[in-house]
Amino acid sequence: MNVDYIAQAGRERCCAFTGHRVIARDRYPALAGRVSETVRWLYYEKDVRVFLTGAALGFDTVAAIAVLNLKRELEGLRLAAVIPCPEQGQGWSEAQLGQYRSVLAGADQVIETANRYYTGCMLERNRYLVDHAAYLVSYYDGNGKGGTAYTVNYAAKKEITILPLFEGTCGAAGKTEITLFDEPE
């Protein structure tokens, strides 16, 4: 049976993740800890139960694994993997594909926003993440280019709560300045 946990929870009880794909390996443990703290805070303080990941390399994977680990202790916690197309993992290493498959296997719900790759399908996935969440946990360095920048900008325009985790920001419940810029074509 396929359960739509996102619809069941409602937008106010959903949080999406976005972040950079390239993260120094030595930062993974601390970042995973910050994600876990933020997930716990959202779970207990904001009654968030469903976390959405784009299942991309880097931060998406770190965040997804943190949620999967927390499912053992937080009753009713769900992970929804929102992937842009079936080809998302093409060109990834075997180790990366192994983690990707583990995330998808552990997810309570897997959604494909497109049935094939096309220019713009990643942005469609990113809009889906924001449109179905009240919170966005970001690992964003402020660089105004790329999918993470687009997603943070889109979330700011939609006025959802952005929780920055990148070093130098205010932390889980803090605010960060976001520079708005035009959407990519």
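Residues numbered from 1 in each chain as written. Predicted model: local features only at pLDDT ≥ 70, side-chain atom pairs only at ≥ 80, totals over all residues. Heavy atoms only, no water.

Turning to the packing of helix H3 (residues 59-70) against helix H4 (residues 94-106), a few remarks are in order. Pairs of packed helices are described in terms of their axes, by the angle between the two and the distance that separates them. Remark: H3 packs on H4, axes separated minimally by 10 Å, with the N-to-C direction vectors making an angle of 45°. Here H4 runs oblique to H3, going by the angle between their axes. The hand of the H3/H4 crossing is left-handed. The residues of H4 that touch H3, namely those facing Thr61, Ala64, Ile65 and Leu68, are Gln99, Ser102, Val103 and Gly106. In the contact of H3 with H4, the residues fall into four nonpolar, four polar and no charged. (Axes fitted to C-alpha atoms, helices over the stretch in contact; angles between N-to-C directions. Helix = DSSP H or I, 4+ residues; strand = E, 2+ residues; numbered from the N terminus. Parallel < 35°, antiparallel > 145°, perpendicular 65-115°, else oblique. Left-handed = near helix turned anticlockwise from the far one by under 90°. Contact = heavy atoms within 4.5 Å. Nonpolar A, V, L, I, M, F, W, Y, C, P; charged D, E, K, R; others polar.)

The subject of this paragraph is the environment of Tyr100. Among the structural elements, Tyr100 can be located in helix H4. By relative accessible area, which is 9% here, Tyr100 ends up buried. Spatially, the C-alpha atoms of Tyr100 and Ala64 are 9.7 Å apart, while their sequence positions differ by 36 residues. Aside from chain neighbours lying at most four places away, what touches Tyr100 is Ala55, Ile83, Gln88 and Trp92. (Buried < 20%, exposed > 50% of the residue type's maximum accessible area, 1.4 Å probe, protein only.)

This brings us to helix H5 (residues 121-131). Three or more residues of H5 are buried, namely Cys121, Leu123, Arg125, Asn126, Leu129 and Val130. Residues of H5 that are buried sit in contact with strand E1 (14-19), strand E2 (50-53), strand E3 (78-83) and helix H6 (147-157).

Read these as spatial facts, not as claims about activity.
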